[in-house]
Amino acid sequence: MHALYLGLGSNLGNKEQNISRAIEYIEELIGNVTRRSALYFTEPWGFVSSNKFVNAVVCVDTALTPAEALRAILGIEREMGRKEKSVDGQYKDRLIDIDILLYDDMQIDETDLKVPHPLMFERNFVMRPLSEVLDDRGRTIVKDFQEHIR
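Throughout what follows, the structure given in this document is the object of discussion. For clarity, every value in this text was computed on a predicted model and none was experimentally measured. (Residues numbered from 1 in each chain as written. Predicted model: local features only at pLDDT ≥ 70, side-chain atom pairs only at ≥ 80, totals over all residues. Heavy atoms only, no water.)

1. Remarks on the overall build of the protein chain
The condition that has to hold: Only DSSP runs of H or I with at least four residues qualify as helices, and only runs of E with at least two residues qualify as strands; both kinds are numbered from the N terminus onward. Our radius of gyration looks at C-alpha atoms and nothing else; its globule reference is 2.2 Å times the residue count to the power 0.38. Relative accessibility thresholds used throughout: buried, under 20% of the residue-type maximum; exposed, over 50%; partly exposed, between the two (1.4 Å probe, protein chains only). Counted as positive: Lys and Arg. Counted as negative: Asp and Glu. His and the chain ends are not counted at all. Charged side chains are reduced to one point each, which is NZ for Lys, CZ for Arg, CG for Asp and CD for Glu.
Of the regular secondary structure elements, the protein chain holds 4 helices and 7 strands. Each helix (α) and strand (β) of the protein chain, taken in turn from the N terminus, gives the series β-α-β-β-β-α-β-β-β-α-α. In summary, the protein chain has a C-alpha radius of gyration of 14 Å against a globular reference of 15 Å for 150 residues, a match within 12%. When its C-alpha atoms are laid out on the principal axes, the protein chain stretches across 35 × 35 × 30 Å. Looking at the protein chain as a whole, 48% of its 150 residues qualify as buried. When the 19 positive and 25 negative side-chain charges of the protein chain are each reduced to one mean point, those points stand 4 Å apart.

Here it is as structure tokens:
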């Protein structure tokens, strides 16, 4: 099994319910959610909107590969009504956003998948809930990644 850390966000509709529903889909399609952060209410990041976000992070035990997990995540987002992903830093309001933050201690640099998530260290709405769910190994991985990018 692999430790997969996912960041979740929603700023449209019933945001708390959107996060809960996404977690249910994650349990069904990706793996067992072993840890879950509190919900964080935050301002939009990277674009202007009057709709605040609800954010959370979950840790999932999964047998899926990173590519399989990404396909499942994109399917969950589509099923929940997300029509398009953000492109070239052009962010929009969205019912659900699910990002792969970490997958074990892997570093992946592909066109459609970058792990660790390249912007997570800049986003308090990711790092704060992530810090709630990291185990000792996860904390070591994050620390190593942070030192590597300095």
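2. Details of the pairing of strand E1 (residues 2-10)
Counted only if it meets this: Think of it this way: DSSP has to see at least two bridges between two strands before they count as a pair.
In terms of burial, E1 is a largely internal element, 8 of the 9 residues being buried. Pairing of E1 with strand E4 (residues 53-62), which is carried by 9 bridges, proceeds in the antiparallel orientation. For Tyr 5, the partnering residue across the bridge sits in E4 and is Cys 59. One ladder, built from 6 bridges, connects E1 with strand E5 (residues 97-103); its direction is antiparallel. Its bridge partner lying in E5, Tyr 5 is registered against Leu 102.

3. With respect to helix H2 (residues 66-79)
Threshold: Given the number of residues in a helix, its expected span is that number minus one, multiplied by 1.5 Å. Within this analysis, the arc is defined by the directions that extend from the helix axis to the C-beta atoms. Here a residue-residue contact requires only that any non-hydrogen atoms of the pair lie within 4.5 Å.
The terminal C-alpha atoms of H2 lie 20 Å apart, and with 14 residues this matches the ideal 20 Å at 1.5 Å per residue to within 8%. Along H2, the residues that are buried comprise Pro 66, Ala 69, Leu 70, Ala 72, Ile 73, Ile 76 and Glu 77. Taken end-on, H2 shows its buried residues confined to a sector of 165 degrees, consistent with a single buried face. Away from its buried face, by an angle of more than 90 degrees, H2 presents the exposed residues Arg 71, Arg 78 and Glu 79. Against the buried residues of H2 lie E1, helix H1 (15-29), E5 and strand E6 (108-109). Following H2 by one or two positions, Gly 81 adopts a phi angle in the positive range, close to 105 degrees.

4. Focus on the environment of Ser 20
Here Ser 20 shows up in helix H1. Take Ser 20: its relative accessible area is 31%, and that puts it in the partly exposed class. Counting along the chain gives 12 residues from Ser 20 to Leu 8, while the straight-line C-alpha distance between them is 9.9 Å.

5. Some thoughts on the environment of Asp 135
Mapping Asp 135 onto the fold places it in the loop between helix H3 (124-133) and helix H4 (136-149). Relative accessible area serves as the criterion here: at 31%, Asp 135 is assigned to the partly exposed category. Through-space distance from the C-alpha of Asp 135 to that of Arg 35 is 9.3 Å; in sequence the pair is 100 residues apart. Sequence-distant contacts of Asp 135, that is, excluding residues within four places in its chain, are made with Tyr 5 and Arg 35.

Worth remembering: the numbers are spatial, not functional.
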